[in-house]
Structure formats: structure tokens, C-alpha cells
Amino acid sequence: MPTVRSSVSRPRRRGQTLTEFALVVPVLFMLIMGVLDGALLMFSVGTARYAAAEGSRVAAQLGNVSNTDDKVLQTIRNTVSGTQLFSVDEVDIYKLDQDGNGNLTPDPSLNNRYNLDGTPISSPVPWPASSRNVGNGTSDFIGITINYTYTWKAGFFAPLGPVRTTAVSYVRLEPQSY
């Protein structure tokens, strides 16, 4: 049996497709840009944490060598200089006190504050490297805190303002004699 075609044509739907596309694309674009900005923020967090861990590792190795803080800052600077995603506002190197339960708390009087370029924020430095205890079984704990600012790149979150956060690493100084 032959197929009979109706002479009545179907209405064209190009306008509907174009309207749906115009409504969905901006939402999809904003979603993609938000995911991209979130990924860049997470990369920045990981980089800052890695820099703090590397800085504390160098501090533990060098112990009470006179240029320990300079080497720590150089290590942090080398780690974060590979990315321009965030700016380091301050690097703190400080002594941690251990209580009877093993909890570590920062000693507020022994906190060396530096700019990323190595210039001390407070002078003289309250906890010089030469005064750090590196005795076997009695060595000090050291903390490194990196205060940094991430500025949104895509502009979608820009009205929220920049994100100011920190990366922290604690470690015990290595004994220099056994």
C-alpha cells in the first residue's frame, strides 16, 4: 500500500531551539567558569600546603644553623614562584610548646614573621635559629604558617572578594648530635 503524504506541512521549530539554546548556554558557561575557578583555588591550596611542608622539612634538617630561616623562606619562595595564582602575604616561623598530652600550641612570644622576600616584619627576630634546641630527645617543635590571598580569575565569584587563607605545617627539629 502506498504511503500517502499529507499536504499539510508541520510548523517550523527553529525559533524554539534557538530560544532554548540562548537560555541554557549562559548557565552552562557560568557553571564551567565556576568549576574552573574552584579548581584553580584548590590548586593554590595544595601548592601553599606543599610549600609549608617543604619549608618545615628544611627547618627540621637545618635545626639551629644561623641561616635556617633564610633557607626556609627560599624553599617556600621557590615552590610558590612557579604559579602566579595567589600572592603570599606573610610567612611565620614559630616555636611550638608541647603539653603533657602531646598537644602542640604556638608560643606567641617566639614567632618570627617575614615577608616572602625574606625581610622580617618585626625586628629583632624573637626566635633566632641559633637559640633552637636540637638535642637528642629534647628538640623543639617548629611551625610554618603561610598566609596567602587568592583572587578569583574568572570573575564569576569576584563579588565575593579575594580569599585569604593559611597553610600550616608542624615538625620536630632533627637532633644534630646523637
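For the structure itself, consult the block above.
Conventions adopted
Residues numbered from 1 in each chain as written. Predicted model: local features only at pLDDT ≥ 70, side-chain atom pairs only at ≥ 80, totals over all residues. Heavy atoms only, no water. Helix = DSSP H or I, 4+ residues; strand = E, 2+ residues; numbered from the N terminus. Rg over C-alpha atoms; globule rule 2.2 N^0.38 Å. Buried < 20%, exposed > 50% of the residue type's maximum accessible area, 1.4 Å probe, protein only. Contact = heavy atoms within 4.5 Å. Areas by Shrake-Rupley, 256 points an atom, 1.4 Å probe, with all protein chains shown as cover. Patch = residues over 30% accessible without salt bridge, like charges linked within 9 Å, V, L, I, M, F, W, Y side chains within 5 Å. Salt bridge = Lys/Arg side-chain N within 4 Å of Asp/Glu carboxyl O. Pairing = 2+ DSSP bridges. Axes fitted to C-alpha atoms, helices over the stretch in contact; angles between N-to-C directions. Core = buried A, V, L, I, M, F, W, Y, C linked by side-chain atoms within 4.5 Å.

(A) Broad picture of the overall build of the protein chain. On a plain count of helices and strands, the protein chain comes out with two helices and four strands. Walking the protein chain from its N terminus toward its C terminus, one meets helices and strands in the order α-α-β-β-β-β. Relative to a compact globule of 178 residues, whose C-alpha radius of gyration would be 16 Å, the protein chain shows 28 Å and is clearly more extended. Considered along the principal axes of its C-alpha atoms, the protein chain spans approximately 100 × 35 × 30 Å. Across the 178 residues in the protein chain, those meeting the buried criterion constitute 34%. If you take every contact in the protein chain between residues at least 6 apart in sequence, the share linking residues at least 24 apart comes to 65%. Surface accessibility of the protein chain: about 11,200 Å² in total, with carbon and sulfur atoms responsible for 58%.

(B) Here's a closer look at the side chain of Ser56. Locating Ser56 in the fold gives a position in helix H1 (residues 14–62). Not counting chain neighbours up to four residues away, the residues in contact with Ser56 comprise Ile144, Ser169 and Val171.

(C) Looking closely at a nonpolar patch on the surface. Where nonpolar side chains cluster on the molecular surface, the patch consists of Leu23, Val24, Leu28, Leu31, Ile32 and Val35 and spans about 600 Å² of accessible area. Looking at where Ile32 falls in the secondary structure, it is placed in helix H1.

(D) How the structure looks around the sheet that holds strand S3 (residues 141–150). Taken together, four strands build an open sheet; the order of strands is S2-S1-S3-S4 and the sheet is antiparallel. Either end of the sheet is taken by a strand with one partner, and the two such strands are strand S2 (104–114) and strand S4 (163–172). Going from strand to strand, the sheet's axes swing by 25° on average, the running direction of each strand aside. As defined by bridge partners, strand S1 (residues 86–98) adjoins S2 across seven bridges and the pair is classed as antiparallel. The residue of S2 that forms the bridge with Val91 is Tyr114. Strands in contact with helix H2 (residues 68–80) are S1, S2 and S3; relative to S1, the strand with the most contacts, it is inclined by about 140°.

(E) Region of the structure containing the environment of Leu116. Counting through the fold element by element, Leu116 comes out in the loop between S2 and S3. It is 31 Å that separates the C-alpha atoms of Leu116 and Gly102, two residues lying 14 residues apart in sequence. Not counting residues within four places of it along the chain, the set of residues in contact with Leu116 comprises Ile76, Arg77, Val80, Val88 and Val91.

(F) Molecular detail of the pattern of salt bridges. Inspection of every chain in the model, using the stated rule, returns five salt bridges. The residue Arg57 makes a salt bridge to Glu54 at a minimum N-O spacing of 3.0 Å. Pair noted here: Arg57 and Glu54 are both in helix H1, with a separation of three residues, about one helical turn. The exposure class assigned to Arg57 is partly exposed, which follows from its relative accessible area of 39%. With a shortest N-O distance of 2.8 Å, Glu90 and Arg113 are connected by a salt bridge. Placement of Glu90 in strand S1 and of Arg113 in strand S2 is noted, with a sequence separation of 23 residues between them.

(G) Representation of the nonpolar core in the model. Membership of the largest hydrophobic core comes to 28 residues, with the highest contact counts inside it found for Val72, Ile76, Phe86, Val88, Val91, Ile146 and Tyr148. Where this core is concerned, the elements lending two or more residues are H1, H2, S1 and S3. At seven residues, the largest contribution of residues to this core is made by H1. Those residues in contact with Phe86 that sit more than four places away from it in its chain are Ser44, Thr47, Ala48, Val80, Tyr148, Thr149 and Tyr150.

Everything listed is a geometric property; what it means functionally is a separate question.
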